[in-house]
Amino acid sequence: MSEVRCVFRRKRMNKRMVAMLTEVEKLTKITLTFSQGSYNKGVAASAGTHDGGGAVDIDIAHLNKTQRPAVLRALRKVGFAAWLRTPTQGKWPHHMHAIAIGDQDLSRGAAYQVA
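Parameters at a glance
Per chain, residue numbering runs from 1 following the sequence as it is written. Local features are withheld for residues below a pLDDT of 70 in this predicted model, meaning they are given only at 70 or higher, and side-chain atom pairs are given and counted only at 80 or more; totals for whole chains, interfaces and linings count all residues. Neither water nor hydrogens contribute to the side-chain values; these are computed over all heavy atoms in the structure. In this text, helices come from DSSP runs of H or I with a minimum length of four residues, and strands from runs of E with a minimum of two, each type numbered from the N-terminal end. Here, two residues are considered to be in contact whenever any of their heavy atoms come within 4.5 Å of each other. Partly exposed describes any residue whose relative accessible area lies between the buried limit of under 20% and the exposed limit of over 50%, with all areas from a 1.4 Å probe on protein chains only and scaled to the type maximum.

Topologically, M96 is positioned in strand β6 (residues 95-100). Spatially, the C-alpha atom of M96 lies 8.7 Å from that of T86, the residues being ten residues apart in sequence. Here M96 is in contact with V56, D57, I58, I60, R68, V71, L72, L75 and W83, once residues within four sequence places are set aside.

Before going further, it helps to spend a moment on unusual backbone geometry. For R10, which is not glycine, the phi torsion reads 70 degrees and is therefore positive. You can see R10 is positioned in the loop between β1 (5-8) and β2 (11-14). The class of R10 is exposed, set by a relative accessible area of 79%. Positive phi values are uncommon outside glycine, yet K29 reaches one of about 60 degrees. By the element assignment, K29 lies in the loop between α1 (15-28) and β3 (33-36).

Listed below in structure tokens is the structure:
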């Protein structure tokens, strides 16, 4: 059974992800900004991880050095596999990349990253 899709802050996601991200915001008291959501086929830099559900990129430019690790810990606490991505790893700015563990709509690439 597929996840129920929706739009949250102008990014495609699913309701399960939105609930998880809302919990991250409650834990950290930080409003997140998303640079990419899910169900976003054809983005070469993403290598297919955002083709299905469960994947999100979080803009960290507005977060300070204390907030960044707090958000990363909260993402992991609520069930995301999450890590910091840097420009040295690909053609993208600094951001947090997160995959919702157990999401029923994960792309093959996203499932591989969780494993």
